[in-house]
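# Residue-level structure breakdown
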Amino acid sequence: MSTRVNHHTATPALSKALSDLSMAVAKTSLDPALKHLIDIRVSQLNGCTFCLDMHSKEAKIAGERELRLYHLAAWRESPLFNAREKAALAFTEALTQISAHGVSDALYRSVAEHFSDVEISELNFAIVAINAWNRLGITSRMVPGALDEAYGLKKANL
């Protein structure tokens, strides 16, 4: 698989804007562990190997248990995720794979049971940001692990 367009060099201002969004999302009230789960789950759904590789390593470095990473693809059936995480993951999947009916009222009520309006908005922006990065990564065919050195991910030991 060969690398295609490098969005960072072709359109640096746009890449910086998306990076700024990601940095702002990282400073929200969202639990960083939950943010990692969202990034990984979206990347799984979209098939972005670069982002899946990067965010799995980040989660491991941040202390996420490997078993939870293994269970993430089957989070609904796994006892390793709490109700709040499951609500966020359901919301993540609904926004990543938007149906003709959008986000159902039942799903929104489920999310609202666990998250404030501000947190729901933060979740939404987190999901939007990783979906955008996935689309850039898929288009460019970024090589998994290519930025490990730059981002300090070599210590993940995966």
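Predicted model, so just to flag it, every value in this text is computed and none were measured.

### Remarks on the overall build of the protein chain
For the protein chain, the count of helices and strands is nine helices and zero strands. From first element to last, N terminus to C terminus, the protein chain shows the α and β order α-α-α-α-α-α-α-α-α. Computed over C-alpha atoms, the radius of gyration of the protein chain comes to 16 Å, within 12% of the 15 Å expected from 2.2 N^0.38 for 158 residues, which places it in the range of a compact globule. For the protein chain, the spread of C-alpha atoms along the principal axes amounts to about 40 × 30 × 30 Å. Intrachain contacts of the protein chain at a sequence separation of at least 6 include 71% that bridge at least 24 residues. Summed over all atoms, the accessible surface of the protein chain reaches about 8700 Å², with 58% contributed by carbon and sulfur.

### A look at the packing of helix α6 (residues 83-96) against helix α7 (residues 105-114)
Close contact between α6 and α7 brings their axes to 9 Å; oriented N to C, the two are set at 140°. Taken as axis vectors, α6 and α7 run oblique relative to one another. The two elements α6 and α7 meet at a crossing, and its hand is left-handed. Where α6 abuts α7, its residues A83, R84, A87, A90, F91 and A94 lie against L107, S110, V111 and H114. A class-by-class count of the residues in the contact of α6 with α7 yields seven nonpolar, two polar and one charged.

### Some points on the side chain of S43
By the element assignment, S43 lies in helix α3 (residues 32-46). Taking relative accessible area as the criterion, S43 reaches 1% and is therefore assigned buried. Non-local contacts of S43, meaning those with residues more than four positions away in its chain, are made with C48, C51, L52, H55, I130 and N134.

### Topic: the layout of surface pockets
In this structure, the largest pocket occupies an estimated 820 Å³ of space. For the largest pocket, the lining is made up of 32 residues, of which S22, M54, H55, E58 and W133 are closest to its centre. Of all the secondary-structure elements, those providing two or more residues to the lining of the largest pocket are α1 (7-10), α2 (12-26), α3, α4 (49-61) and α8 (117-140). Of the residues assigned to the lining of the largest pocket, the class counts are 19 nonpolar, ten polar and three charged.

### A word on the nonpolar core
Residues I38, L72, F91, V111, F115 and L123 are the most contacted members of the largest nonpolar core, which totals 34 residues. Among the elements that take part in this core, α6 stands out by supplying seven residues, more than any other. Ignoring sequence-local partners within four residues, the contact set of L123 consists of L30, L34, I38, A88, F91, V111 and F115.

### Some words on the pattern of salt bridges
As enumerated under the stated definition, the model contains nine salt bridges in all. The shortest N-O distance in the salt bridge between E93 and R41 comes to 2.8 Å. With a gap of 52 residues between them, E93 in helix α6 and R41 in helix α3 connect regions that are remote in the sequence. The same class applies to E93 as to R41, namely buried.

### A short note on the packing of α3 against α8
Closest axis-to-axis distance for the α3/α8 pair is 9 Å, and the angle between their directions is 40°. Taken together, the axis directions place α3 and α8 in an arrangement best described as oblique. Regarding α3 and α8, the two cross each other, and that crossing is right-handed. Mapping the contact onto sequence places L34, K35, I38, D39, V42, S43 and N46 in α3 and L123, A126, I127, I130, N131, N134, R135 and I138 in α8. Split by residue class, the contact of α3 with α8 holds eight nonpolar, four polar and three charged.

Calculation rules
Residues numbered from 1 in each chain as written. Predicted model: local features only at pLDDT ≥ 70, side-chain atom pairs only at ≥ 80, totals over all residues. Heavy atoms only, no water. Helix = DSSP H or I, 4+ residues; strand = E, 2+ residues; numbered from the N terminus. Rg over C-alpha atoms; globule rule 2.2 N^0.38 Å. Contact = heavy atoms within 4.5 Å. Areas by Shrake-Rupley, 256 points an atom, 1.4 Å probe, with all protein chains shown as cover. Axes fitted to C-alpha atoms, helices over the stretch in contact; angles between N-to-C directions. Parallel < 35°, antiparallel > 145°, perpendicular 65-115°, else oblique. Left-handed = near helix turned anticlockwise from the far one by under 90°. Nonpolar A, V, L, I, M, F, W, Y, C, P; charged D, E, K, R; others polar. Buried < 20%, exposed > 50% of the residue type's maximum accessible area, 1.4 Å probe, protein only. 1 Å grid on protein atoms, 1.4 Å probe; cavity = no way out; pocket = protein on both sides within 12 Å on 5 of 7 lines; lining within 4 Å. Points joined across faces, edges and corners; volume = space filled by probe spheres on them. Core = buried A, V, L, I, M, F, W, Y, C linked by side-chain atoms within 4.5 Å. Salt bridge = Lys/Arg side-chain N within 4 Å of Asp/Glu carboxyl O.

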